Amino acid sequence: MTEEDLRRALASIADPAGGGSIVETGRASGIVVRSGTGGFVLDIGGLSAEDAAALKRAAEQAAPGARMITTAEAAGGAHGQTGQAPTQSAAGGGARRQPHEQPAPDLAHLGKIVAVASGKGGVGKSTVAANLAVALAAEGLRVGLLDADIYGPSIPTLLGCPGRASGEQGRIEPVEAHGLKTLSIAHLTKPGKAMIWRGPMAAAAMMQMLADGDWGELEVMLIDMPPGTGDIQLTLAQKVKPAGAVIVSTPQDLALIDAEKAIAMFDKVNVPILGVIENMSTFVCPECGTRSDIFGHGGAEETSRARSVPFLGAVPLTMELRRASDSGRPAVLSDDEAGAALRAAALALKTELES
Ligand SMILES: Nc1ncnc2c1ncn2[C@@H]1O[C@H](COP(=O)(O)OP(=O)(O)OP(=O)(O)O)[C@@H](O)[C@H]1O
């Protein structure tokens, strides 16, 4: 038996959660054959006991004698619900890519890839990512922005470019907005569909948008990561090999603890930290202009000093920024304080990328 035989046998089994065969969705991974004996990992996470038992039986029958390791570690999303792979709904059925199975695609045409990440949700990571991207495009760079926040895609709203991406023959045409190219899972799926994907499917979707997107020749590709340190972050580090990561945090202690965790995770997988940005740094009252440090102030700068990573700047919490984000006109295009702070952070990032 060869690995190809084993892979083909497993590919004949449909993932009970939908999205294609268990090889296509990444539910069967780590497929190896050593001295004629096969082995693979079967992820039964997110399945009902009944579906899991049926799947194990089907795998045993399809690959008799192969060593099967079952794991539920990668489970995520709603249990037992059906997900949908992006090519089915958008790009017209191109070759799917498996982060765990296929060699890393050649992404040299994407230029310097920068992950914008946060340890904790809701700190304004997507807002910062969108504004950095628009500011870098305004500086004349050819910029891409990938929304890899599969579970809460917000880039189309922030850039004011909802709707569906077009595509043919397995390629996906990115959407153009504010001088840059962007793709989001929200451009590829019906609302709500992406939320129920399991971890490996979400990672596969990110890789597919990167590899199958018709991005052209870019200088910088920013990736708006989902919050936390899960499957997608690992796939990114292993397959995409980014030039570095930008960590967004509020000055609040809890957010900073999680930001530290994110820094440690990127350190561990050898992704350099290009800098830390403190968001919601100081609240500026829209009525009287009074400043108050609702979440504290300066904590992210202290963290970056303690970890010897660059501090790219502090962005205030302002009504204008919130309104600009909701209306799809990035704050960086206006002259107010938050816009200026974001432009400065983008320039600091540009300097880091050039050094
Ligand atoms: N500096 C700021 N001033 C005012 N509002 C802000 C600021 N930064 C972000 N926001 C608002 O906070 C909300 C959350 O921001 P955003 O979606 O960017 O966070 P996130 O960290 O990406 O969240 P998630 O973890 O859900 O992906 C949005 O409504 C956004 O407009």
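Source: prediction; values computed, not measured.

### Observations concerning the site of the ligand
Close contacts around the ligand come from 17 residues, with Gly122, Ser126, Thr127, Asp149 and Asn279 the closest. Residue Thr127 places a side-chain N or O atom 2.5 Å away from an oxygen atom belonging to the ligand. Within the side chain of Asp149, a nitrogen or oxygen atom sits 2.6 Å from an oxygen atom of the ligand. When residues of the shell around the ligand are traced back to their parent elements, those giving at least two are helix H4 (125-138), strand E12 (273-284), strand E14 (311-318) and helix H10 (319-327). Here the residues of the shell around the ligand sort into six nonpolar, eight polar and three charged.

### Re the confidence of the model for the chain
Per-residue pLDDT for the chain averages 82, and the proportion of residues at 70 or more is 85%. The low-confidence segment residues 73-102, where pLDDT is below 50, has 87 contacts with residues more than four positions distant or belonging to other chains.

### Focus: the nonpolar core
In this structure, Leu146, Ile223 and Phe266 are the most contacted members of the largest nonpolar core, which totals 84 residues. By residue number, the principal contributor to this core is H4, which donates nine residues. The contact partners of Phe266, leaving out residues within four places of it in the chain, are Ala115, Ala117, Leu236, Ala245, Ile247, Val271 and Ile273.

### Notes on helix H8 (residues 253-268)
An ideal rise of 1.5 Å per residue puts 22 Å on 16 residues; H8 measures up with 23 Å between its terminal C-alpha atoms. Within H8, burial applies to Ala255, Leu256, Asp258, Ala259, Ala262, Ile263, Met265 and Phe266. The secondary structure elements touched by the buried residues of H8 are strand E4 (112-117), helix H7 (231-240), strand E11 (244-249), E12 and helix H9 (299-306). Where H8 ends, the next residue or the one after it, Asn270, has phi of about 60°, a positive value.

### Comments concerning the pattern of salt bridges
Under the counting rule described, the total for this entry stands at 13 salt bridges. Across the pair Glu354 and Lys350 runs a salt bridge whose closest N-O atoms are separated by 3.5 Å. Highlighted residues: Glu354 and Lys350, both in helix H11 (residues 337-354), separated by four residues, approximately one helical turn.

### Some words on the UniProt feature "binding site: ATP" (unreviewed entry) in the chain
The UniProt feature table records "binding site: ATP" (unreviewed entry) at Gly119, Lys120, Gly121, Gly122, Val123, Gly124, Lys125 and Ser126. Checked against the element boundaries, Gly121 lands in the loop between E4 and H4. The residue Lys125 is located in helix H4 in this model. Among all residues touching Lys125, those that are not within four sequence positions of it are Val116, Ala117, Ser118, Asp149, Asp224, Met225, Pro226, Pro227 and Val248.

### Topic: the pairing of strand E5 (residues 143-147)
Extensive coverage of E5 is indicated by the burial of five of its five residues. Judged by which residues are buried, E5 turns out to be covered on both faces: Val143, Leu145 and Asp147 on one side and Gly144 and Leu146 on the other are all buried. With five bridges connecting them, E5 and strand E10 (residues 220-224) associate as parallel partners. Of the residues in E10, the one forming a bridge with Leu146 is Ile223.

### Examining the environment of Glu337
When you line up the elements, Glu337 lands in helix H11. A residue is classified by how much of its surface remains accessible, and Glu337, at 37% relative accessible area, is partly exposed. Put simply, Glu337 and Pro316 are 21 residues apart on the chain and 7.5 Å apart in space, counted from C-alpha to C-alpha. Setting aside residues up to four positions removed in sequence, Glu337 forms contacts with Val284, Arg291 and Pro316.

What counts and how
Residues numbered from 1 in each chain as written. Predicted model: local features only at pLDDT ≥ 70, side-chain atom pairs only at ≥ 80, totals over all residues. Heavy atoms only, no water. Near = heavy atom within 4 Å. Polar contact = N/O pair within 3.5 Å; in protein donor to acceptor, adjacent residues only side chain to side chain. Helix = DSSP H or I, 4+ residues; strand = E, 2+ residues; numbered from the N terminus. Nonpolar A, V, L, I, M, F, W, Y, C, P; charged D, E, K, R; others polar. pLDDT = per-residue confidence, 0-100. Contact = heavy atoms within 4.5 Å. Core = buried A, V, L, I, M, F, W, Y, C linked by side-chain atoms within 4.5 Å. Buried < 20%, exposed > 50% of the residue type's maximum accessible area, 1.4 Å probe, protein only. Expected span 1.5 Å × (residues − 1). Salt bridge = Lys/Arg side-chain N within 4 Å of Asp/Glu carboxyl O. UniProt positions renumbered as here; feature names shortened; annotations may be inferred. Pairing = 2+ DSSP bridges.

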